[in-house]
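Residues per chain are reported as follows:
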Amino acid sequence: MKRLLTAVFVAAFGAALVRAQAPAKPAAPSAPTREFKTVNIEVKGNKIWTPSFFVVKKGDKVKITLINAASAVHAFAIEGYPVDVQVNNAEGDNSKTVEFTADKAGIFRVFCSMHAGHVGGQLLVLE
Ligand SMILES: [Cu+2]
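So, here is what we can say about the structure in this document.

**Some words on the overall build of the protein**
Scanning the protein for helices and strands turns up 1 helix and 9 strands. Going from the N terminus to the C terminus, the protein shows its helices and strands as α-β-β-β-β-β-β-β-β-β. With 127 residues in all, the protein has 18% of them scored as buried. Of the contacts made within the protein by residues no fewer than 6 positions apart, 60% connect residues no fewer than 24 positions apart.

This is how it looks when you write it as structure tokens:
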């Protein structure tokens, strides 16, 4: 019986000691949100999302507000990411927001998925 009590005491005391000495886990830093605003304009017949270059770090949350100040409907898409939205200026709803996490490093084409001639840009995701 004495051995059993000793074993129980050692187990309980040891567990308490381990808990007391365990270093606290540092809180994982939350990824910053990189916010951008880009406007679709038309210059001498050329449709452009401007600015059209976005630089973020891998793991960042990205929020891009899209404003279509040109005519009709244009799309904003990023190759390699699930981003492809249409922004319609003709119906008075000329603003949309896209949000995603930049989980892949590299250079990704930014383009209008509706018009091949639309001037595009790039998303640069740094490692
Ligand atoms: Cu377009």
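Now, onward.
**Digging into the pairing of strand β4 (residues 61-68)**
Of the two faces of β4, the one holding Val-62, Ile-64, Leu-66 and Asn-68 is buried and the one holding Lys-61, Lys-63, Thr-65 and Ile-67 is not buried anywhere. Where strand β1 (residues 33-43) meets β4, 8 bridges bridge the pair, whose relative direction is parallel. If you follow Thr-38 over to β4, its bridge partner there is Leu-66.

**Side note on the environment of Gly-117**
Mapping Gly-117 onto the fold places it in the loop between β8 (106-111) and β9 (121-126). Along the backbone, Gly-117 and Asn-46 are 71 residues apart, and their C-alpha atoms lie at a distance of 7.9 Å.

Here is what the cut-offs are and how they apply
- Residues numbered from 1 in each chain as written.
- Predicted model: local features only at pLDDT ≥ 70, side-chain atom pairs only at ≥ 80, totals over all residues.
- Helix = DSSP H or I, 4+ residues; strand = E, 2+ residues; numbered from the N terminus.
- Buried ≥ 20, exposed ≤ 12 C-beta atoms within 10 Å, placed from the backbone.
- Contact = placed C-beta atoms within 7 Å.
- Pairing = 2+ DSSP bridges.

The values are spatial; any link to function lies outside them.
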